[in-house]
Amino acid sequence: MLDLSFEEMKKMHDVEAAICHTAMQEFHEKMADFKKALGIQSVATYYNERIDEQKHHVITLTPTSRNIEASVSLASKIKPLPLHKIPIVIVGGSFNNVNHQTELREDECHLLDELIDSVKKEDVFFVIGSSMSGYEKYLLDHAIGFEVYSFVPKMLTEKEAERIKKEDVGVRISIESSPLGVYKSFAFEIFKRRPSLLWLMKACHPWLKKPVHLKAMSLSGSQVMVFKEFVRCLRERLLINHVSRVKE
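Thresholds, definitions, all that
- Residues numbered from 1 in each chain as written.
- Predicted model: local features only at pLDDT ≥ 70, side-chain atom pairs only at ≥ 80, totals over all residues.
- Heavy atoms only, no water.
- Core = buried A, V, L, I, M, F, W, Y, C linked by side-chain atoms within 4.5 Å.
- Buried < 20%, exposed > 50% of the residue type's maximum accessible area, 1.4 Å probe, protein only.
- Helix = DSSP H or I, 4+ residues; strand = E, 2+ residues; numbered from the N terminus.
- Pairing = 2+ DSSP bridges.
- Axes fitted to C-alpha atoms, helices over the stretch in contact; angles between N-to-C directions.
- Contact = heavy atoms within 4.5 Å.
- Parallel < 35°, antiparallel > 145°, perpendicular 65-115°, else oblique.
- Nonpolar A, V, L, I, M, F, W, Y, C, P; charged D, E, K, R; others polar.
- Left-handed = near helix turned anticlockwise from the far one by under 90°.
- Salt bridge = Lys/Arg side-chain N within 4 Å of Asp/Glu carboxyl O.
- Phe/Tyr/Trp six-rings, centres within 6.5 Å; stacked < 30°, edge-to-face > 60°.
- Lys NZ or Arg CZ within 6 Å of the ring centre and 35° of its normal.

K.L.:
Outline the nonpolar core, listing residues and values.
P.N.:
Counting 30 residues, the largest nonpolar core has Ile 88, Ile 90, Leu 115, Phe 126 and Ile 164 as the members making the most contacts within it. Mapped onto this core, the elements with two or more residues apiece are strand 2 (86–91), helix 4 (106–118), strand 3 (124–128), helix 5 (134–142), strand 4 (148–152), helix 6 (158–166) and strand 7 (197–200). Ranked by size, the runner-up nonpolar core spans ten residues in total, among them Tyr 149, Phe 151, Phe 186 and Ile 190.

K.L.:
Tell me about the sheet that holds strand 3, and name the residues and values.
P.N.:
In a beta sheet, neighbouring strands are held together by backbone hydrogen bonds and run either parallel or antiparallel to one another. If you trace the five strands from one edge of the open sheet to the other, you get 6-4-3-2-7, paired in parallel fashion. Two strands bound the open sheet, and with one partner strand each, they are strand 6 (170–173) and strand 7. On average, adjacent strands in this sheet sit at an angle of 25° to one another, irrespective of strand direction. Here strand 3 runs beside strand 4; their pairing, made up of three bridges, is parallel. What sits directly across from Ile 128, in strand 4, is Ser 150. Across the face of the sheet, helix 5 comes into contact with strand 2, strand 3 and strand 4 while running at roughly 145° to strand 3.

K.L.:
How would you sum up unusual backbone geometry? Please name residues and give values.
P.N.:
If you check the backbone angles, Met 132 has positive phi at about 55° while not being a glycine. Summarising the element assignment, Met 132 is placed in the loop between strand 3 and helix 5. Residue classification places Met 132 among the buried residues on the basis of a relative accessible area of 6%.

K.L.:
Account for the packing of helix 1 (residues 6–38) against helix 2 (residues 43–53), naming residues and giving values.
P.N.:
With their axes 10 Å apart at the nearest point, helix 1 and helix 2 run at an angle of 85° to one another. Classified by the angle their axes make, helix 1 and helix 2 are roughly perpendicular. For the pair formed by helix 1 and helix 2, the contact residues are Phe 34, Ala 37 and Leu 38 on the first element and Val 43, Tyr 46 and Tyr 47 on the second. Tallied by class, the residues present in the contact of helix 1 with helix 2 amount to six nonpolar, no polar and no charged.

K.L.:
Before we move on, can you summarise the packing of helix 4 against helix 5 with the specific residues and values?
P.N.:
Two numbers describe how helix 4 lies on helix 5: the axes approach to 11 Å, and their chain directions differ by 40°. Here helix 5 runs oblique to helix 4, going by the angle between their axes. Note that helix 4 runs across helix 5; the crossing there is right-handed. Judged by residue contacts, Glu 108, Cys 109, Leu 112, Asp 113 and Ile 116 of helix 4 engage Tyr 135, Tyr 138, Leu 139 and His 142 from helix 5. Of the residues assigned to the contact of helix 4 with helix 5, the class counts are six nonpolar, one polar and two charged.

K.L.:
Can you break down the pattern of salt bridges residue by residue, with the values?
P.N.:
The tally for this structure, following the rule as stated, stands at ten salt bridges. A salt bridge links Asp 14 to Lys 10; its shortest N-O distance comes to 3.2 Å. You can see Asp 14 and its partner Lys 10 sitting in helix 1, four residues apart, about one turn around the helix. Residue classification places Lys 10 among the partly exposed residues on the basis of a relative accessible area of 44%. Put simply, Lys 165 and Glu 162 hold a salt bridge, and the shortest N to O gap is 3.6 Å. Residue Lys 165 and its partner Glu 162 are both found in helix 6; the two are separated by three residues, about one turn of the helix. The exposure class of Lys 165 is partly exposed, given its relative accessible area of 40%.

K.L.:
An account of the pairing of strand 7 is requested, with residue identities and associated values reported.
P.N.:
Of the two faces of strand 7, only one is covered, namely that formed by Leu 197 and Trp 199; the face formed by Leu 198 and Leu 200 stays uncovered. Where strand 2 meets strand 7, four bridges bridge the pair, whose relative direction is parallel. Considered in strand 7, the bridge of Val 89 is made with Leu 198.

K.L.:
Outline the packing of aromatic side chains, listing residues and values.
P.N.:
Two aromatic rings are characterised by how far apart their centres lie and by the angle between their planes. As enumerated under the stated definition, the model contains six aromatic pairs in all. Centroid distance Phe 126 to Phe 146: 5.3 Å. Interplanar angle 65°. Geometry classified as edge-to-face. Of this pair, Phe 126 sits in strand 3 while Phe 146 sits in the loop between helix 5 and strand 4; the two residues are 20 residues apart in sequence, bridging distant segments of the chain. Taken as a pair, Phe 126 and Phe 146 share a single burial class, namely buried. Over the face of the ring belonging to Phe 188 we find Arg 193, whose NZ or CZ atom lies 4.3 Å from the ring centre.

The following block contains the structure:
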């Protein structure tokens, strides 16, 4: 579907293989740590003890503050995604939780700057989540002249609605009420329907601790050469698509 060459597919495979390799290394390290903590206990005994330790913690459920319908509050910003451009999805801020907030890193911001400088607003548009924070906010502030679309949950808090209204973005409404479910709409409207690019920033992965693993995931650090090749391939792909449209 993407009409990739053998060399392009091999580079994708090499990055995937590096990710799998470091993931397996982490898995074996975690297994070793678990066996050390387990000692001579059975697995059931170990987890029962952990559960007993947490029995005194009380979780208080409070009513949700998501009581604003996005389709009503953001009606003037709802737009269809452009069909003649390639979507570049930037994930770096909207999938955080209370225990993990994205911190901007200079090298990551530099890569975003390179990406913005390497593509044309006539050929691509950017897609982000709903938080307007982290690298997604950085993109909004620096991708001047580019179309940017924000996928938002169908129910918003008052602060979220006001924050999105202030930004120059088109809006797509997710079928999910929670921001963490918005990825389903990314898949349905973009990944399953059209060629696209996914840029996953390293700070999005609080569960990934090894820097080399994160570098492989985000194409930074030791993967800069892969990034440059990615930009080159993107330029070629955009040129091919442009020529095709001219011929038509």
